Amino acid sequence: MTSDVLVMGGGATGQLAAAYLRLRFPNLKVAVVEGPHKNRPIVGESFVEITVDFLLELGLGAHLIEKHYPKYGLTYYFKPEIDDPADRTYIVDEAPTVPPLLSFQVNRFTFDREVRARNLENGIEMIDGMVAGVKIGSGDESHTVTVQDPAQQEYTLRARWLIDATGRNRVLAKLLQLHETVNEQKNVFWFRLINFKPEILDHIRAVKKQNRAFVPYFATHHFFGKGNWIWCIPMRSPDNLPLISIGITYRKDIYPHGEVRTMEQFLECVGREHEVIVELTRSGTVVDTNFYSSYMWECRQRYSPDGWSIIGDAGDTVDPLYSVGMALSSVQIRQIAAIIERELNGDDTDEFTKDLDTAITTFQRGVTRETAQLYECMDDAYQCHLRVHLAVTELFHLALPLLMNDYLWDPLGVKLVNRFFTLETLEEDTRKLQELIREVSTNPKNRAVHNFIKVQSGASMNSQFYEYHREEDIPASLSRMLFSLARLRLALLRKLGWRGLIRFSQQRALLKDVVRGLVLLLFHGAKLRENSLVRMAFRERSGKTF
């Protein structure tokens, strides 16, 4: 059996990859090796803006509106007295208004079935079987996949492009020995409830800005604790009844309350910090429970000019805190489509695949590694809220504008990303701010409630950019981010008093942000990929014409 594109893995990531490639390349034959039809654990029920933008392109907008809940951003619950479970005072940070871009809380069982059904209607072949072996082709040679069907019969599939979406099975990463060690391992336990009382989430003393923009319940709720955070995601059942997904993710080396892999352990451990979550859980009926142990891993390579790709959890796993797992998969799917398009046009893909691999690595690890470090201060409401604020600012000023203007799958755009936003630079900038936040938090006066800032505001969420989403507004978006970081750093240095005057590394970082912001002022209103200076610089560097 021969296909142009063969996707290994019939979960949502694999099915969405098949759907998108079928849409982009209707003349290519696309097939999916599904694996056994069983109830596998499903995570990723909170879809962010980039994911939904991708799904709208696939024509799934009506399905999302009719079958799932709208999502009004992420709501964060920072508890100042984390050692007192009976204290229900939380500093609550909600989106400032209805988010400018669509997002949804999704029942993944309903959603995954819909995507698969549409793929069948659109002529994508579904192959029922387990991958028993893979032989990677090189150059123009096809890849060969051995599949074992439910009757234990083996047969061979061949394809020009091979996509590994096997999730935790990680077929290609294991075959090609692409694994990299992750020290900060995490466990996750989660379940879904029916017949619960959603109003229990209001049984707290919430310190927050008054909200008249949306119903607060319809958000992804995040409760922070010692080395852990808890999600509460409202959703619809297939029968249009209320469901809620509740889960705890904790870093194994610093979580103090023991292992959580059963309902009894969940109630006992979570009850030491958040009585309101225990009360909510006891009000309903558990539908199912799931547990992943040590689920973090990294992968050295995701794309090859020989025509194989690794996407989603088959490559790098991401922490679910900011709900970016499916978003990053959607970016990868678009990147793979760009590689295939170049190859079909007869262009060389060696350099392009390396550029794409570098860019997606930066985005994935930039989020995941910073989040892994965040677990160390999740019980410190002051530190935690400032670091989440930094993540929100960078997401809405840097990541989203670049993604919404196709920079991560455009030949020149991806070179710009790799030149100016390296993983090493981002991690170093983040580390310096983390150090300053940590030092400021040692003063109890700074931790008073009135010193907390709005994590999600019109400024941090870059509302000015999302009125038009234009590429020529990207330089202004980036300069606003840099000036915002400079103002925050300056405010924190002032809190140190005279000691702030001798924090020379912080002052250099402050000056660096200001200078970079001022330089970007020269490019305001310019489309960077069309700017003659930018194009000339990269033409001289690579010898190519863009």
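Quick note: structure is the one above.
My aim in this report is to walk through the structure given alongside it, one point at a time. All figures in this text were calculated on a predicted structure; none of them were measured in a lab. (Residues numbered from 1 in each chain as written. Predicted model: local features only at pLDDT ≥ 70, side-chain atom pairs only at ≥ 80, totals over all residues. Heavy atoms only, no water.)

The subject of this paragraph is the overall build of the chain. Regarding its fold elements, the chain presents 15 helices and 20 strands. Taking 2.2 N^0.38 as the reference for a compact globule, 546 residues should give roughly 24 Å; the C-alpha atoms of the chain span a radius of gyration of 24 Å, in line with that estimate. Across the 546 residues of the chain, 56% fall into the buried class. Counting only contacts in the chain whose residues sit at least 6 apart along the sequence, the fraction spanning at least 24 positions is 76%. Surface summary for the chain: the accessible area is close to 22,900 Å², and the carbon and sulfur share equals 51%. Charge separation in the chain, taken as the distance between the mean sites of 66 positive and 69 negative side-chain charges, equals 4 Å. (Helix = DSSP H or I, 4+ residues; strand = E, 2+ residues; numbered from the N terminus. Rg over C-alpha atoms; globule rule 2.2 N^0.38 Å. Buried < 20%, exposed > 50% of the residue type's maximum accessible area, 1.4 Å probe, protein only. Contact = heavy atoms within 4.5 Å. Areas by Shrake-Rupley, 256 points an atom, 1.4 Å probe, with all protein chains shown as cover. Lys, Arg positive; Asp, Glu negative; His and termini not counted. Charge placed at Lys NZ, Arg CZ, Asp CG, Glu CD.)

Right, let's get into the sheet that holds strand S14 (residues 205–207). As summarised here, the arrangement of the 8 strands in space is S14-S6-S5-S15-S16-S17-S13-S18, forming an open sheet in which the pairing is mixed. The open sheet terminates on both sides in strands that have one partner only, identified here as S14 and strand S18 (285–292). Sheet twist, expressed as the mean angle between neighbouring strand axes with direction ignored, is 25°. By the bridge criterion, 3 bridges tie strand S5 (residues 74–78) to strand S6 (residues 89–93) in an arrangement that is antiparallel. (Pairing = 2+ DSSP bridges. Axes fitted to C-alpha atoms, helices over the stretch in contact; angles between N-to-C directions.)

Along an α-helix, residues three or four positions apart point the same way, because every turn accommodates 3.6 residues. With 13 residues, helix H1 (residues 12–24) should cover 18 Å at 1.5 Å per step; its first-to-last C-alpha distance of 18 Å lies within 8% of that length. With 10 of 13 residues buried, H1 lies mostly within the body of the structure. Taken residue by residue, H1 has Ala-12, Thr-13, Gly-14, Gln-15, Leu-16, Ala-17, Ala-18, Ala-19, Tyr-20 and Leu-21 as its buried positions. (Expected span 1.5 Å × (residues − 1).)

Our next topic: the packing of helix H12 (residues 423–441) against helix H13 (residues 474–495). Taken N-terminus to C-terminus, the directions of H12 and H13 make an angle of 30°; their axes are 9 Å apart at the nearest point. Taken together, the axes of H12 and H13 are roughly parallel relative to one another. Between H12 and H13 lies a crossing of left-handed hand. Residues Asp-429, Lys-432, Leu-433, Leu-436, Ile-437 and Val-440 of H12 pack against Leu-485, Arg-489, Leu-492, Leu-493 and Lys-495 of H13. A per-class count over the contact of H12 with H13 returns 7 nonpolar, no polar and 4 charged. (Parallel < 35°, antiparallel > 145°, perpendicular 65-115°, else oblique. Left-handed = near helix turned anticlockwise from the far one by under 90°. Nonpolar A, V, L, I, M, F, W, Y, C, P; charged D, E, K, R; others polar.)

The terminal C-alpha atoms of helix H4 (residues 108–121), which comprises 14 residues, lie 20 Å apart, in line with the 20 Å expected from a rise of 1.5 Å per residue. Listing the buried residues of H4 in full gives Arg-108, Thr-110, Phe-111, Asp-112, Val-115 and Asn-119. On its buried side, H4 packs onto H1, strand S3 (46–47), helix H2 (49–57), helix H3 (61–67), strand S8 (125–127) and helix H8 (325–344). With a side-chain oxygen lying 3.0 Å from the backbone nitrogen of Phe-109, the N-terminal cap of H4 falls on Asn-107. Downstream of H4 by one or two residues, Gly-123 has phi in the positive range, about 85°. (Polar contact = N/O pair within 3.5 Å; in protein donor to acceptor, adjacent residues only side chain to side chain.)

To continue, consider the packing of helix H10 (residues 381–404) against H13. Where H10 contacts H13, the two axes come as close as 8 Å, and the packing angle between them is 165°. In terms of orientation, H10 lies roughly antiparallel with respect to H13. Both H10 and H13 take part in a crossing whose hand is left-handed. Between H10, through Tyr-382, Leu-386, His-389, Leu-390, Thr-393, Glu-394, Phe-396, His-397, Leu-398, Pro-401 and Leu-402, and H13, the contact on the second element is made entirely by Ile-474, Ser-477, Leu-478, Arg-480, Met-481, Ser-484, Leu-485, Leu-488, Leu-492 and Lys-495. In the contact of H10 with H13, the residues fall into 13 nonpolar, 5 polar and 3 charged.

Leu-16 and Val-388 are the most contacted members of the largest nonpolar core, which has 117 residues in total. No other element matches the 14 residues that H10 contributes to this core. When neighbours within four sequence positions are excluded, Val-388 is seen to be in contact with Tyr-76, Phe-78, Phe-224, Tyr-322, Leu-374 and Val-455. Counting residues in hydrophobic clusters, the runner-up holds 30 residues, among them Phe-196, Ile-230, Ile-244 and Val-278. (Core = buried A, V, L, I, M, F, W, Y, C linked by side-chain atoms within 4.5 Å.)

Right, let's get into the side chain of Gln-335. Tracing the sequence through the fold places Gln-335 in helix H8. On the accessibility criterion, Gln-335 (0% relative accessible area) is buried. If we skip the residues at most four places from it in the chain, Gln-335 touches Tyr-303, Leu-356, Ile-360, Leu-408 and Trp-409.

Summed over the entire model, instances satisfying the criterion amount to 43 salt bridges. Of the charged contacts in the structure, one is a salt bridge between Arg-334 and Asp-53, with a shortest N-O distance of 3.5 Å. In this pair, Arg-334 is assigned in helix H8 and Asp-53 in helix H2, connecting sequence segments 281 residues apart. Residue class for Arg-334 comes out buried when judged on its relative accessible area of 6%. Among the salt bridges present, the one from Glu-351 reaches Lys-415, with a minimum N-O distance of 2.3 Å. Here the residue Glu-351 occupies a position in helix H9 (residues 350–374), and Lys-415 occupies one in helix H11 (residues 411–420), the gap between them amounting to 64 residues. Taking the relative accessible area as the measure of exposure, Glu-351 reaches 26% and is therefore partly exposed. Look at the salt bridges and you will find they share partners, linking Glu-180, Glu-298, Arg-302, Asp-316, Asp-357, Arg-365, Arg-369 and Glu-427 into a network. (Salt bridge = Lys/Arg side-chain N within 4 Å of Asp/Glu carboxyl O.)

Turning next to the pairing of strand S11 (residues 154–164). Inspection of the sheet shows strand S1 (residues 2–8) paired to S11 by 6 bridges, in the parallel sense. By the bridge assignment for S11, Met-8 is matched with Asp-164. As defined by bridge partners, strand S10 (residues 143–148) adjoins S11 across 6 bridges and the pair is classed as antiparallel. Note on S11: the bridge partner recorded for Thr-146 is Thr-156. Between the end of S10 and the start of S11, which pair antiparallel, lie 5 residues, with Gln-152 showing a positive phi angle near 70°. Inspection of the sheet shows S11 paired to strand S20 (residues 308–310) by 3 bridges, in the parallel sense. Counterpart to Ile-163 in the pairing with S20 is Ser-309.

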